[in-house]
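Architecture and fold: a report
Listed below are the residues making up each chain.
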Amino acid sequence: MRSIIPIGPFHPLQDEPENFLLTVEGETVVDIDVNIGYIHKGIELLAQQKTYDQTVFLVERICGICSITHTVCFCNAVEDLLKVEIPERAKYIRTILGEIERIHSHLLWMGLAGHFIGYNTVFMWTWKYREPILDMMEYLTGNRQSCGMLKVGGVRRNLEDSRFPALLKTLSEMEPKIKMLAEAVQDDPVLKARLEGVGVLTKKDAIDYCVVGPTARASGVDIDVRRDDPYAAYPYLDWNVIVLNGGDVYSKFLVRVLEVLEAIKILRQAVKQIPKGDFLLEIKEIPPGEGIGRYEAPRGEDIHYVRSNGTNFPERLKVRAPSFINIPSFTASCIGQQIADVTITLAAVDPCYSCTERMISARDLSGNKKYSQKDLLEISHQKTLEISRNLARPADLPKLKKYL
Amino acid sequence: MPNLSTRWLKKSPWVYHVGTGGCNNCDIEILDCLTPRFDVERFGIKLVVSPRHADVLLVSGPVAYHIKPRLQEVYKQVPKPCVVACIGACACSMGIFKDAYSVAGPVDKVIKEIDPNAIFVYVPGCPPKPETMIMALVKALQKI
């Protein structure tokens, strides 16, 4: 017998509102439906009403966890449009901030993963280890998250060289704890039994669904924008792309732990090599044209597209967040699982719904008819006509007659 | 004789978290309050899984149109008297999303539509630090 289990929109396991409909036969999941769109705010349209400088702050608020991701990606896109090379120091500062963000984001996910399988010790541990890195973010930039450091053409504020020793000290204190965590994941019988072989996304499925980031790298797909299409200071640094072949949640967990260790390695080199000098290229005007920015976010590849018409405001901003690509892979990884394993499988791609909510679908009140763009345009035209009919002065009515 | 329900509310407030369209920043900082650095559970502040058990509603983010009826539904389920804490600049005044087309309004406006006498606490900041949230809750409970 089939039954449908709804999860959400408000569910104790979820921070954000989203809705899953699981069709189950006994305890086995046979179908899954994901409904999102609850928190669509219309950021892309809002960006068209803001100047390039203001848009940087707006895209920072697409997602709080990937605040550096979206700002760097937007700046990359505008710099691609301008065809300019930013100062070396700015590149290194972007790398440092990005890697700090990667560490805190991965630790956050590991904690939540522990929470999802009911192993709260892992949750408390990793979140405790995450605090020093947030303190460092505050010490370097002034805020724990959403630091407002980026600007088109470089960075808004400089990082003081005198503050780097404290960062290195925090990293060396953190490294043994992360290594301990990596060993614990590999040795702990509970974690292993609970994560191994769960939610397997095969390499073929990973390629078919075009998944990105740690989700793809855990399935044996060797992609990383930092290496394939380098930006910021990554070409000058020595680091490895972590690729595992398991495809299950255990591999995704391990990829993230090992990536934190790589991030520590990158940070150490960046702090050592960072050159002195200018950190902001002054940009006078933005010519008409279009640009694309790519960035390897903690969750995968992020793409921003910007089109300019020569004015102060972007004519179009398109955001494609990594979760948008990763979420459809639930169909491949969840079907056939036990219902108790679905929660951790859903969480394993680290879905971020505030990144994903870029569009909304409109239905009529009965919920049956879905409006297409043509219908919506027609409704919009009708409303404009109605308003102009009401607002028009009686003297103007004869003139407007042919329109109304 | 003091109202029994408000006396209990003061002793160990249980909180329920509702994300209504924020950017995750405030939500993470709320979770951060529960983890070892800040650990508000030692004061009896506990995150509960159902609004029917809650004394305080933590709302983060501007209220998007699709989530508005759901937020009102959640508010109806919370036993009264309760405190609604608007966490972050977006929840207090919509912040950067003021002109967005798909946002219904700040939290207080949406909840006052169904209960004009609701009690609000405003915690500004983007995101507010965990210390700020704890202080806001302490101040709110003193006023009740």
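In what follows, the structure referred to is the one given above.
Notes on the structure in this doc start here.

The rules behind these values
Residues numbered from 1 in each chain as written. Chains lettered and ligands numbered in written order. Predicted model: local features only at pLDDT ≥ 70, side-chain atom pairs only at ≥ 80, totals over all residues. Heavy atoms only, no water. 1 Å grid on protein atoms, 1.4 Å probe; cavity = no way out; pocket = protein on both sides within 12 Å on 5 of 7 lines; lining within 4 Å. Points joined across faces, edges and corners; volume = space filled by probe spheres on them. Helix = DSSP H or I, 4+ residues; strand = E, 2+ residues; numbered from the N terminus. Nonpolar A, V, L, I, M, F, W, Y, C, P; charged D, E, K, R; others polar. Buried < 20%, exposed > 50% of the residue type's maximum accessible area, 1.4 Å probe, protein only. Pairing = 2+ DSSP bridges. Right-handed = clockwise from strand over helix to strand, strands pointing away. Salt bridge = Lys/Arg side-chain N within 4 Å of Asp/Glu carboxyl O. Phe/Tyr/Trp six-rings, centres within 6.5 Å; stacked < 30°, edge-to-face > 60°. Axes fitted to C-alpha atoms, helices over the stretch in contact; angles between N-to-C directions. Left-handed = near helix turned anticlockwise from the far one by under 90°. Contact = heavy atoms within 4.5 Å.

This brings us to empty space enclosed by the protein. Residues and elements named next belong to chain B. Counted according to the given criterion, the structure contains 5 cavities of 30 Å³ or more. In this model, the largest cavity occupies a volume close to 170 Å³. In terms of lining, the largest cavity is formed by 15 residues, of which the most central are Cys33, Ile45, Leu58, Met133 and Leu137. Within the residue set of the lining of the largest cavity, elements represented by two or more residues are α2 (25-34), β5 (83-87) and α6 (130-143). A class-by-class count of the residues in the lining of the largest cavity yields 15 nonpolar, no polar and no charged. Of the voids in this model, the second largest cavity is the one considered here, and its volume is about 80 Å³. Put simply, the parts of the chain that give the lining of the second largest cavity at least two residues each are α2 and α4 (89-93). Within the lining of the second largest cavity, the residues separate by chemical class into 7 nonpolar, 7 polar and 1 charged.

Our next topic: the pairing of strand β1 (residues 14-19) of chain B. Residue and element names in this part refer to chain B. Across the 6 residues that make up β1, a large majority, 5, are buried. Bridge count between β1 and strand β2 (residues 46-47): 2 bridges; the pairing is parallel. Across the sheet, the residue bridging to valine 15 is leucine 47, located in β2. One crossover worth recording links β1 to the parallel β2 by way of α2, and it is right-handed. When β1 meets strand β3 (residues 56-60), the two strands line up parallel, connected through 5 bridges.

A side chain with one charge may pair with a side chain of the opposite charge, provided their charged atoms come close. Residue and element names in this part refer to chain A. Applying the stated criterion across every chain, the model contains 38 salt bridges over all chains. With its nearest N and O atoms 3.0 Å apart, the salt bridge here joins arginine 2 to glutamate 25. Highlighted residues: arginine 2 in strand β1 (residues 2-7) and glutamate 25 in strand β2 (residues 19-25), separated in sequence by 23 residues. What makes glutamate 25 partly exposed here is its relative accessible area of 36%. Via salt bridges that share partners, Glu99, Arg102, Arg217, Asp224, Arg226, Glu259 and Glu296 belong to a single interconnected network.

Two measures describe an aromatic ring pair: the distance that separates the ring centres and the angle between the ring planes. Residues and elements named next belong to chain A. Under the defined criterion, the tally for this structure stands at 8 aromatic pairs over all chains. For the pair phenylalanine 20 and phenylalanine 330, a centre-to-centre distance of 6.1 Å together with 70° between the ring planes defines the contact as edge-to-face. One end of the pair, phenylalanine 20, is in strand β2; the other, phenylalanine 330, is in helix α13 (residues 330-334), with 310 residues separating them in the sequence. Take phenylalanine 20 and phenylalanine 330: they sit in the same class, and that class is buried. Taken together, Tyr231, Tyr234, Trp239 and Tyr295 form an aromatic cluster joined through their ring pairs.

What follows is about the layout of surface pockets. A probe as big as a water molecule, rolled over the atoms, marks out the empty space that is left. Reported here for the largest pocket is a volume of approximately 940 Å³. Around the largest pocket, the lining is made up of 44 residues, and of these A:Pro12, A:Leu13, A:Gln14, A:Asp15 and A:Phe116 lie nearest the centre. Only β2, α4 (88-116), α5 (120-141) and α14 (339-348) of chain A together with β1, α2 and β2 of chain B provide two or more residues apiece to the lining of the largest pocket. In the lining of the largest pocket, the residues fall into 29 nonpolar, 8 polar and 7 charged.

Between α5(A) and α2(B), whose axes approach to 10 Å, the crossing angle comes to 115°. The handedness of the crossing between α5(A) and α2(B) comes out as left-handed. The residues of α2(B) that touch α5(A), namely those facing A:Phe123, A:Met124, A:Trp127, A:Arg130, A:Glu131 and A:Leu134, are B:Ile28, B:Leu31, B:Asp32 and B:Leu34. Each residue belonging to the contact of α5(A) with α2(B) can be placed in one class, and the counts come to 7 nonpolar, no polar and 3 charged.

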